[in-house]
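# What the coordinates show
What follows is the residue order along each chain.
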Amino acid sequence: MADVTIKLFGVYRTDTQISATKIEADKITDVFAVVNKMAEEKFAEKQKENPDLVKPDEIKFKDAVVYVNGEKCKRKGRALHNDDEVWIMSPASGG
Amino acid sequence: MRGEKMSELLGYMGKVLFVDLTNRTHKLFPWTDADRKRTLGGKIMAGDILLHHVKPGMKAFDEDNWIVVTTGPLTGCGCPNSSRFNISTISPLTNIVTSSNCGGDFGLYLKRAGYDAVIFTGKSETPVTVNITVDNVTFESAEELWGKTTSETQEALPDKAGKLVIGPAGENKVLYACVFSNERTAGRGGVGAVFGDKNLKAVTAFGHLMPKVSKRQKLNELNKKWSNILRTHPLTGRQLPKLGTAGLIAPMQAHKILATKNFSAGRFEDFEKVSGEELAEKHLIRNAACTTCVIRCARMVSVDNKIVKGPELEILGLMGPNIMNNDLEKIIEWNYVIDEMGMDAISTSGVVAFAMELAEKGLHDFGLEFGKVDNITEIIKKIALREGEYSELADGTRLMSQKYGGEDFAIQAKGMELSAYEPRHAVGQGLGYATSNRGGCHLNAGYMVCAEGLGLDVDALTPHGKAALSIMFQNLMEAVSSCGECIFTSYAVFPGFLVDKPNWGVTKTILAVFPYVGPVVNLLSHFTKAAQINIPPLLPHPIAVSYATGMRANMASILTWGAYGFNTERMANIILGQKAGADKLPKRLTEELMDPDDPRTKVPLERMKKVYNRARGWKDGVPTYHRLKSLGIEIDKEFYDQVVEEAFKNG
Amino acid sequence: MAFYIDKNECLGCGACAFACLYNIPAPNEDKTCYEIDGEKCIGCGQCENICPNGAIKPAPGHRRILKVTIDKNKCIGCSLCARKCFANAPQGKIKEPFEIDQSKCFKCGACALACKKDAIIVEYE
């Protein structure tokens, strides 16, 4: 298992309230599993104070823009190594 | 002057006001239904008016330079995001036409006063406020307002009225001074300086009228569906409301298009500190919206215990990474000061970055250095007031580079500073910046970067297909904004399911094919009859125009109007002296590689321009007479020949 | 006569506040929703079609105004109606009966509410 840093951006960050964290993961799919579990736990905690909170959707690889160490990641099976930094972002636009 | 209906078409108010500031008189400007059908409204209407008015040699600060303020047919008709109006004039920054769009209330109120547009000519001897109502136009002394900031000026004017105001920067004719309406601005090209030159401190509009529409029930039903499309689309319904345009900083970093150190690089190590996420988590008090907007992307923050409009993407990028600053609070403060002074945040930031590089290279020291933030607030004010040598910064990077050198890194196109997207990792955007009519504007460019990695992920470094797609987006956005609509409403053209699933096999396949659809797109633009259909979920605009006005309109009409508008403004620029070959970018962007190891990371401009010019029916940036005629743009042949001959002359 | 805003449909765009000549639609604190005070709303309907989400609806009992005229026998020419009218529709000389210019009147009923002599006749649908 590699020790990696995960950073969430865009609506994934606003919805899960997770900005950055260190986790252990072998490959990209593991990252999604861990992040979704963390998000679920965080939601369960916050729901105690605010029952009206909406549960964030699960983040899936096909829905996200993923970068590893600044390079675009196209395969969910890509292996991870110690000290890798993974960015998970949502598509964006503006002006 | 009031009373009689002057249009069979509905949606419009049927009248255009013409105000002479020298003589303090007003009259109606002739504008018929044929004109409305040909130009739709907004910037296309203004471009058409200016095309038939400007003459070779006319300059921004001539009395005869007109300020043309135009609304769209959908404004006031109940459509979502329909407050947008346009101000066009000869820009003092670029010496060609600038059309500057704004989401404030003024356009809505102008229609309530009974007018679709107002044109200002002449020059008032003393500072003046022009008040427009249904029955009258009055000229009031603005001596007491002169010197006030944009917010102070608006506060001093009646609350229940549409307002256009300038701040000290406009009064001092900073070449990129802007005009404010509520917290929104007609930002680019120095329209505020033209107001200032004419001593026009403010304009107000008020009335009780409302536009009537052709099919009220159908339009109401469409508007509701349209609002729902906008609120459920991933870009307009999630990213923009939650993070604002500021949410782009992180994706731009990822895609290496975040202009850094005066466009020396596309990534900034400390990007997270100036990101939309940081802004939302640490500073956002609440969202704000233009009137009628269902997206609500604006950020309200606190400065000196006041709730004020917070930074958008452009200033976050250009006063953040582009000047090597990672202090978000400073950017919030500068945004506030720039707004109060009434200047274009993009050009102000571009000028600051250029001055920093001039100092770094030993060419001239204005006291500005990359990473140094403690003196910028004061310098912004000095620029606005043209104090001492800071008056030179008020003239923009092109003029600064002519005096001090550094032309290769004066990041401007046609004299207008570029916005925050580094085009060496989004080459289509680079083509757009160069071919944009008003200068370094990413929106008039066609905003290709939305497809090149932000909303969608088309290959950003290939030149294939970028010319055809740029033309299509340029035309589309021209028409969308001329309806009176916010151009964010055009994002639904990218179906939500594609945007939502960037790694889905289907999405990847479609995006891989995208750059090769160029020839098909070109064919479509020549044979627009093929597009005489409507696809409401993608583009409700032409249907809304039909229901509002009674005109027949479909997707083909949108592209036709857009092509008309883009070519009209281009031809007006040629008349004003723009030379053939003016669609350029600074050498840093076309000759220096962003990644030394990747030969694709500079903008292959000349190659893309060849395809672009062919597809547009232009020769080196000049529309051919044949193309103008085919679009229905009327211009005297002899006059055309004279100005085009001049355009192709050297020097 | 009055309109109301359906809270479930309101998107907080502020179009109603812009449309209302009497400043009646009021926002909540974070401006995500507007409300019309039914006591103050005169039911002129200027806001009805401006809402992009169709959130503005006539309140129960609301009737549209078809025509507004002045009873010359009751009108004392005080001009209060003219001063209330945004459209400049009531025309006349002081102390003589006024008349409503129907080409300008947008049938809001404000004049009738203001008139102290009950001199304004409102025809409802």
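Nothing here was measured: the structure is a model prediction, and the numbers come from that model.

Residue and element names in this part refer to chain B. Ordered by their spatial adjacency, 6 strands build an open sheet running E2-E1-E6-E3-E4-E5, and the pairing between neighbours is mixed. Both edges of this open sheet fall to strand E2 (25-28) and strand E5 (97-102), since each of them pairs with a single strand only. Across the sheet, the mean angle from the axis of one strand to that of its neighbour is 15°, orientation sign disregarded. The pairing of strand E3 (residues 67-70) with strand E4 (residues 85-90) spans 3 bridges and is antiparallel. Directly across from Val68, in E4, lies its bridge partner Ser88.

A word on the interface of chain B and chain C. Contact with chain B, which involves 28 residues of that partner, is made by 27 residues of chain C. Along the contact surface separating chain B from chain C lie 1 salt bridge. Measuring nitrogen to oxygen at the nearest pair gives 2.9 Å for the salt bridge that ties Lys224(B) to Glu9(C). The interface formed by chain B and chain C holds 16 residue pairs in polar contact (both at pLDDT 80 or more) in total. Of all the elements, helix H7 (residues 216-232) of chain B adds the most residues to the side of chain B that touches chain C, at 6 residues. In terms of residue class, the side of chain B that touches chain C is made up of 10 nonpolar, 9 polar and 9 charged.

Further remarks concern the nonpolar core. Grouped together as the largest cluster of nonpolar side chains are 250 residues, with contacts concentrated most on Ile87(B), Phe120(B), Ile132(B), Met319(B), Met343(B) and Tyr421(B). Element by element, the count of residues in this core is highest for helix H23 (residues 555-575) of chain B, at 10 residues. Once residues within four sequence positions are removed from consideration, Met319(B) is found in contact with Asn325(B), Ile331(B), Trp334(B), Ile338(B), Ser349(B), Val352(B), Ile376(B) and Ile380(B). Formed by 23 residues, the second largest nonpolar core is a distinct cluster that contains Val4(A), Ala25(A), Ile59(A) and Ala64(A).

Our next topic: the confidence of the model for chain B. With 97% of its residues at a pLDDT of 70 or more, chain B has an overall mean of 94. Per the prediction output, this complex has pTM 0.96; the corresponding ipTM is 0.95.

All names here are of chain B. The geometry of helix H18 (residues 466-482) relative to H23 is characterised by a closest axis approach of 7 Å and an angle of 95° between their N-to-C directions. Considering their axes alone, H18 and H23 lie roughly perpendicular with respect to each other. Here Met472, Gln474, Asn475, Leu476, Glu478 and Ala479 of H18 come into contact with H23, specifically with Ile558, Leu559, Trp561, Gly562, Ala563, Gly565 and Phe566. Here the contact of H18 with H23 is built from residues that sort into 8 nonpolar, 4 polar and 1 charged.

Residue and element names in this part refer to chain A. Covered by surrounding structure in strand E2 (residues 20-25) are Thr21, Ile23 and Ala25 only, the residues Ala20, Lys22 and Glu24 on the alternate face being uncovered. For strand E1 (residues 2-8) and E2, the ladder comprises 6 bridges, and the chain directions are antiparallel. Across the sheet, Ala2 pairs through a bridge with Ala25, a residue of E2.

Sorting the 2 pairs of chains in contact by contact count puts chains A and B at the top. Between chain A and chain C there is no contact, and the shortest C-alpha to C-alpha distance separating them is 16 Å.

Residue and element names in this part refer to chain C. All told, the structure shown has 0 disulfides over all chains when counted by the stated rule. Unpaired in this structure, Cys51 has its nearest cysteine sulfur neighbour in Cys13, at a distance of 5.8 Å. The cysteine Cys105 is free of any disulfide, with Cys111 supplying the nearest cysteine sulfur at 6.4 Å. The class for Cys105 is buried, based on a relative accessible area of 14%.

Once their charged atoms are close, side chains differing in charge can pair, the charge on each being opposite to the other. All names here are of chain B. Tallying each qualifying case throughout the model produces 42 salt bridges over all chains. One salt bridge connects Asp35 with Arg38, and the closest N-O pair in it is separated by 3.0 Å. Here Asp35 and its partner Arg38 are both found in helix H1 (residues 33-39), 3 residues apart, which amounts to about one turn of the helix. A relative accessible area of 13% places Asp35 in the buried class. For Arg38, a relative accessible area of 26% corresponds to the partly exposed category. In this structure, the salt-bridge partner of Glu606 is Lys609, at a minimum N-O distance of 3.5 Å. Of this pair, Glu606 and Lys609 are both found in helix H25 (residues 605-616), 3 residues apart, which corresponds to roughly one turn of the helix. Since its relative accessible area comes to 5%, Lys609 is described here as buried. Each of the salt bridges in this network shares a partner with another, and the network as a whole consists of Glu357, Lys361, Arg588 and Glu592.

Take the packing of helix H12 (residues 328-341) of chain B against helix H14 (residues 376-384) of chain B next. Residue and element names in this part refer to chain B. Two elements in contact, H12 and H14, have axes separated by 10 Å at closest approach and are oriented at 15°. Considering the angle they form, H12 stands roughly parallel to H14. Relative to H14, H12 is oriented so that their crossing is right-handed. Counting all contacts with H12, which are made through Glu333, Trp334, Val337, Ile338 and Met341, the residues of H14 involved are Ile376, Thr377, Ile380, Lys381 and Ala384. When grouped by side-chain class, the residues that make up the contact of H12 with H14 number 7 nonpolar, 1 polar and 2 charged.

Take the domain arrangement of chain B next. Residue and element names in this part refer to chain B. By domain assignment, chain B separates into domain 1 (16-205), domain 2 (233-242 + 426-651) and domain 3 (244-418). With 34 residues of domain 1 at the contact, the number on the domain 3 side is 34 residues. Summed over both partners, the interface of domain 1 with domain 3 comes to about 2,600 Å²; 54% of that surface belongs to carbon and sulfur atoms. The largest share of the area that domain 1 buries against domain 3 comes from Asn81, Tyr176 and Arg188, three residues that together contribute 28% of it. Taken together, the links from domain 1 to domain 3 amount to 2 salt bridges.

Once that is clear, we can look at the side chain of Gln253(B). Considering the arrangement of structural elements, one finds Gln253(B) in helix H9 (residues 249-254). Once residues within four sequence positions are removed from consideration, Gln253(B) is found in contact with Trp87(A), Leu258(B), Gly266(B), Arg267(B), Phe268(B) and Phe271(B).

What follows deals with the pairing of strand E6 (residues 117-121) of chain B. Residues and elements named next belong to chain B. With 5 of 5 residues buried, E6 is to be regarded as a mostly interior element. Side chains Ala117, Ile119 and Thr121 of E6 all project onto a buried face; the interleaved residues Val118 and Phe120 project onto the opposite face, where all are buried too. In this structure, strand E1 (residues 16-20) lies alongside E6, joined through 5 bridges in parallel fashion. Looking across to E6, one finds that Asp20 is bridged to Thr121. As judged from the 4 bridges shared by E3 and E6, these two strands associate in the antiparallel manner. In the strand pairing of E6, Val69 is matched with Val118.

Conventions and cut-offs
Residues numbered from 1 in each chain as written. Chains lettered and ligands numbered in written order. Predicted model: local features only at pLDDT ≥ 70, side-chain atom pairs only at ≥ 80, totals over all residues. Heavy atoms only, no water. Pairing = 2+ DSSP bridges. Helix = DSSP H or I, 4+ residues; strand = E, 2+ residues; numbered from the N terminus. Axes fitted to C-alpha atoms, helices over the stretch in contact; angles between N-to-C directions. Contact = heavy atoms within 4.5 Å. Salt bridge = Lys/Arg side-chain N within 4 Å of Asp/Glu carboxyl O. Polar contact = N/O pair within 3.5 Å; in protein donor to acceptor, adjacent residues only side chain to side chain. Nonpolar A, V, L, I, M, F, W, Y, C, P; charged D, E, K, R; others polar. Core = buried A, V, L, I, M, F, W, Y, C linked by side-chain atoms within 4.5 Å. Buried < 20%, exposed > 50% of the residue type's maximum accessible area, 1.4 Å probe, protein only. pLDDT = per-residue confidence, 0-100. Parallel < 35°, antiparallel > 145°, perpendicular 65-115°, else oblique. Disulfide = S-S within 2.5 Å. Left-handed = near helix turned anticlockwise from the far one by under 90°. Domains from an automatic or database assignment. Buried area = accessible area lost by both parts, 1.4 Å probe.

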